[in-house]
Amino acid sequence: MQKAEYLDLYHQMVLIRRVEERSAELYQQGKIGGFLHLYIGQEAVSTGLIAARQPKDRIITAYRDHGVAINAGIPAKSVMAELLGKATGISKGKGGSMHMADVDKNFWGGHAVVGAHLPIAAGLALGDQYQETGGVTICMFGDGATNIGFFHEALNLSRVWDLPVLWVTENNQYGMGTTVERASAVSEIRQKAEGYGIPNARVDGMDLMAVHAAAEEHLAYIREGNGPFFLEAITYRFRGHSMGDPERYREKDEIERWKEEDPIGIYRKYLVGKKISTPDELDAIDQQVEEETQEAVEFAESSPEPGPEQLFEHIYAD
Ligand SMILES: Cc1ncc(C[n+]2csc(CCOP(=O)(O)OP(=O)(O)O)c2C)c(N)n1
Ligand SMILES: [Mg+2]
C-alpha cells in the first residue's frame, strides 16, 4: 500500500469511533430512536476486510452496521442523518441504525434479524456466479448468529454450489449478554465450517493489518473459483450490546484488558513503528475527523424528517 492508503485506513477507523461516540451522546439526548448497537472496539474487522475488496465485491452485515457503512464509502453525514431518522439519511430516514444500505456502493445492509442475512448473502453470491461477474460477497455476522438455523442452511448451500462468499464471523465473545461458551457447542467458531467442508482460519480482529492480509488472501482464493471460505475474527465490543445495556454479565477488568488491545492504538503504533507516519500527522487526522463529525452532526440535525407521503414510497420495486 502507498502511504495515502495507510492513512486513509486510519482515518476510517477514527471516523467510525468518533461518529459512534457522538451518536451515543445524541441517543442519550433522545435524538435517536430505536436501538443503537455500537461497533466501537471492532473497527479493525470491517476496515481491514473492506479495504481488501474490489468494487464488484458485495458487502452485507448485521445490525452493528454504522462502521461498515463508513468503510463502504457512505459519507459520515449520510450515516448520521440516517441515525437521526432524517430524509437526507442513506436510507432516506426510514431505515435507522440497523438498516443502512447503498446498493451503488455494493453495500447490501444492515439487517436486524439475527442470521437472516446469511441466506441473502448466498443468494447474492449465486447471482454473481450465474452472471460470471467475478465478484465475491463478504458476509459479516456475530458469533451468536452461528447458533441460528439460517447460518447452517446458508453455509451448506454455499459449499454445495461452491458460491463465491467470504463468511466472516465477528467473535466478540458475546451474543447480547450471553458468552459464546454458554450458547455455542464449540467456542472456536470456525470449527462449525468444518461440518460443511469449508476451509477456514482465525485472525486477530484487533489488528487491522492482520485482518487486511487475511482478507486479501481469502478473497483471492475465492476468486479463483474455489467456493466459500470461512474466517473467524477474534474481537471485542468496548460498549454494551446496545444503548442501555446494564452490562451485568461481564467484569470491568475484562473490558479494561481488551481496551489495551484497542485496534486504533495498535494501528497507530504500527504506522509510527514502521515510520509510515508520525504522531503529529496522525493527531492532525484526529482533528480533521473531529471537524468532519461535527459537520455530520450539524447536517443531520438541520435536515428535515421524511414527509408522511414517504410512508408509501420504496415498499415494492417498480
Ligand atoms: C432471530 C433473532 N433472535 C433474537 C434477536 C435478538 N437479538 C438481537 S442481537 C442478539 C445477539 C446476537 O449476537 P451476535 O450474533 O454475537 O452479534 P453481536 O451483537 O455480538 O454483534 C439477539 C439475540 C434477533 N434480533 N433476531
Ligand atoms: Mg457477538
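Here we summarise the structure given alongside this text. Bear in mind the structure is a predicted one, so any value in this text is a computation, not a measurement.

This part covers helix H6 (residues 149–160). Compared with an ideal rise of 1.5 Å per residue, which puts 12 residues at 16 Å, H6 spans 17 Å between its outermost C-alpha atoms and is within 8% of the ideal. Three or more residues of H6 are buried, namely Phe151, Ala154, Leu155 and Ser158. Taken down its axis, H6 places every buried residue within 100° of arc, on the same side. Pointing more than 90 degrees away from the buried face of H6 are the exposed residues Glu153 and Val160. Of the residues flanking the end of H6, it is Asp162, one or two places downstream, whose phi is positive at about 50°.

Residue position: Asp65 is located in the loop between strand S1 (58–60) and helix H3 (66–71). Here Asp65 occupies a buried position and makes no salt bridge, while the nearest side chain of opposite charge, Arg64, is found at 9.1 Å. Discounting residues that sit within four places of it in the chain, Asp65 has contacts with Ser97, Met98, His99, Met100, Phe107 and Gly110.

With that out of the way, let us pick up the coordination of the magnesium ion (ligand 2). Coordination of the magnesium ion (ligand 2) by the protein comes from Asp143 (OD), Asn172 (OD1) and Tyr174 (O), over a distance range of 2.0 to 2.3 Å. When its relative accessible area of 3% is taken as the criterion, Asp143 is described as buried. Judged by its relative accessible area of 6%, Tyr174 is buried.

Next up on the list: the sheet that holds strand S7 (residues 229–234). Hydrogen bonds along the backbone pair up the strands of a sheet, which may run parallel or antiparallel. Taken together, the five strands give an open sheet; going across it, the order is S1-S2-S3-S7-S6, and neighbouring strands pair in parallel fashion. Here the strands that pair on one side only, and so sit at the sheet edges, are S1 and strand S6 (200–204). Between one strand axis and the next, the sheet turns by 20° as a mean value, whatever way the strands run. Against the sheet, helix H5 (residues 117–131) makes contact with S1, strand S2 (137–142) and strand S3 (165–171), and its axis sits at roughly 175° relative to S2, the strand it touches most.

Conventions we followed
Residues numbered from 1 in each chain as written. Chains lettered and ligands numbered in written order. Predicted model: local features only at pLDDT ≥ 70, side-chain atom pairs only at ≥ 80, totals over all residues. Heavy atoms only, no water. Helix = DSSP H or I, 4+ residues; strand = E, 2+ residues; numbered from the N terminus. Expected span 1.5 Å × (residues − 1). Buried < 20%, exposed > 50% of the residue type's maximum accessible area, 1.4 Å probe, protein only. Arc of directions from axis to C-beta. Lys, Arg positive; Asp, Glu negative; His and termini not counted. Salt bridge = Lys/Arg side-chain N within 4 Å of Asp/Glu carboxyl O. Contact = heavy atoms within 4.5 Å. Donors = N, O, S within 2.8 Å, 3.2 Å for Na, K, Ca; no water. Pairing = 2+ DSSP bridges. Axes fitted to C-alpha atoms, helices over the stretch in contact; angles between N-to-C directions.

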